Amino acid sequence: MSAELGGRTGLRGKLSQWLRGGRPKDAAADDGGREALLIAAAATGLPLAPAAHPAPGYRCSCDRVGCPTPARHPVSFAWQTQSTTDRAQIERWARHQPEANFITATGMVHDVLDVPLEAGRAALERLLGAGIEVGPVAESDDGRLLFFTLTRGTPEDEDEWWPCELDCHPETMDEHHGLRWHCRGSYVLVPPARLPGDGQGVHWVRGLEHPLPDPLSLLETLTDACARYAGQEPDHVSAAWPLRH
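Residues numbered from 1 in each chain as written. Predicted model: local features only at pLDDT ≥ 70, side-chain atom pairs only at ≥ 80, totals over all residues. Heavy atoms only, no water.

> Any chance you could explain the packing of helix α6 (residues 117-129) against helix α7 (residues 216-230) here in plain terms?
For any two helices packed against each other, the geometry is given by the interaxial angle and the distance between the axes. Between α6 and α7, whose axes approach to 8 Å, the crossing angle comes to 135°. Looking at the two axes, α6 sits oblique to α7. Both α6 and α7 take part in a crossing whose hand is right-handed. Residues E118, A119, A123, R126 and L127 of α6 form the contact with α7, whose participating residues are S217, L218, T221, L222, D224, A225, C226 and Y229. Here the residues of the contact of α6 with α7 are counted per class, giving eight nonpolar, two polar and three charged. (Axes fitted to C-alpha atoms, helices over the stretch in contact; angles between N-to-C directions. Helix = DSSP H or I, 4+ residues; strand = E, 2+ residues; numbered from the N terminus. Parallel < 35°, antiparallel > 145°, perpendicular 65-115°, else oblique. Left-handed = near helix turned anticlockwise from the far one by under 90°. Contact = heavy atoms within 4.5 Å. Nonpolar A, V, L, I, M, F, W, Y, C, P; charged D, E, K, R; others polar.)

> Can you help me understand the environment of I39 in this one?
Along the chain, I39 falls in helix α3 (residues 31-43). Residue classification places I39 among the buried residues on the basis of a relative accessible area of 13%. Sequence spacing of I39 and E91 is 52 residues, and the spatial spacing of their C-alpha atoms is 7.6 Å. Residues within four places of I39 in sequence aside, it is in contact with R87 and E91. (Buried < 20%, exposed > 50% of the residue type's maximum accessible area, 1.4 Å probe, protein only.)

> Can you help me understand the sheet that holds strand β6 (residues 137-140) in this one?
Paired through their backbone hydrogen bonds, the strands of a sheet run either parallel or antiparallel. The sheet built from six strands is open, its strands ordered β8-β5-β7-β6-β11-β10 with antiparallel pairing. On the outer flanks of this sheet lie β8 (180-182) and β10 (193-194), each paired with one strand and no other. With seven bridges connecting them, strand β5 (residues 110-116) and strand β7 (residues 144-150) associate as antiparallel partners. Bridge pairing in β7 places L113 opposite F147. (Pairing = 2+ DSSP bridges.)

> I would appreciate a short explanation of the pattern of salt bridges in the present structure.
Where charged atoms from two side chains of opposite charge come close, those side chains can pair. This structure, assessed with the given rule, holds nine salt bridges. R152 is paired through a salt bridge with D214; the nearest N and O atoms lie 3.8 Å apart. Residue R152 is found in the loop between β7 and β8, and its partner D214 is found in the loop between β11 (201-206) and α7; the two are separated by 62 residues along the sequence. D214 gets classed as partly exposed once you look at its relative accessible area, which sits at 35%. One salt bridge connects R228 with D224, and the closest N-O pair in it is separated by 2.9 Å. Of the two residues, R228 and D224 both sit in helix α7, four residues apart, roughly one turn of that helix. (Salt bridge = Lys/Arg side-chain N within 4 Å of Asp/Glu carboxyl O.)

Spelled out as structure tokens, the structure:
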């Protein structure tokens, strides 16, 4: 397993290197670490399902002509019910589909706060400097940082909740200066994943040995960083909110 996932040794130095603009090499970059990382993710409670993978010519492995999100979407339309933490099933998928990416369905066990990379780096440094428990964080080479958190669940009052797709559909890939809150009805790629382009992918920055935090403990810092990134005042930042205000 990678140093990020397998233990805390050297994590602070690796994080400092990443914040300066470099990223420590992830063991998931080689095929030997892929299955172990996927099983580790499932063991922490993240439900997984197979996803598409890159094809030559910046294309997607799916048969959709002009796929708008190549290598970033589930293989099956039934991904929500298909998603599982069962080790045997994940091993079968990983071995029978050696090139497949995997998604993790949000809103069951965990949510994901998805922000632009520059804003996420600034927020992560600030959060760690303040001693706030951040939890797992993944970097996507298409310019996003993913903060994994506990899910807010489904409150008794359904009027106080809406699914993620009302704010941003999981397949929406347009530039978004604000925060996208992946909750019920959404998904993200789980590391290790490959994206179209030479060496592009999704990698752990902080691994799953870090407990999932309450999303509200990160929210103010993340939205403030997104506002600064977008050149706006924090009160005007565009964000995907799963809770009504």
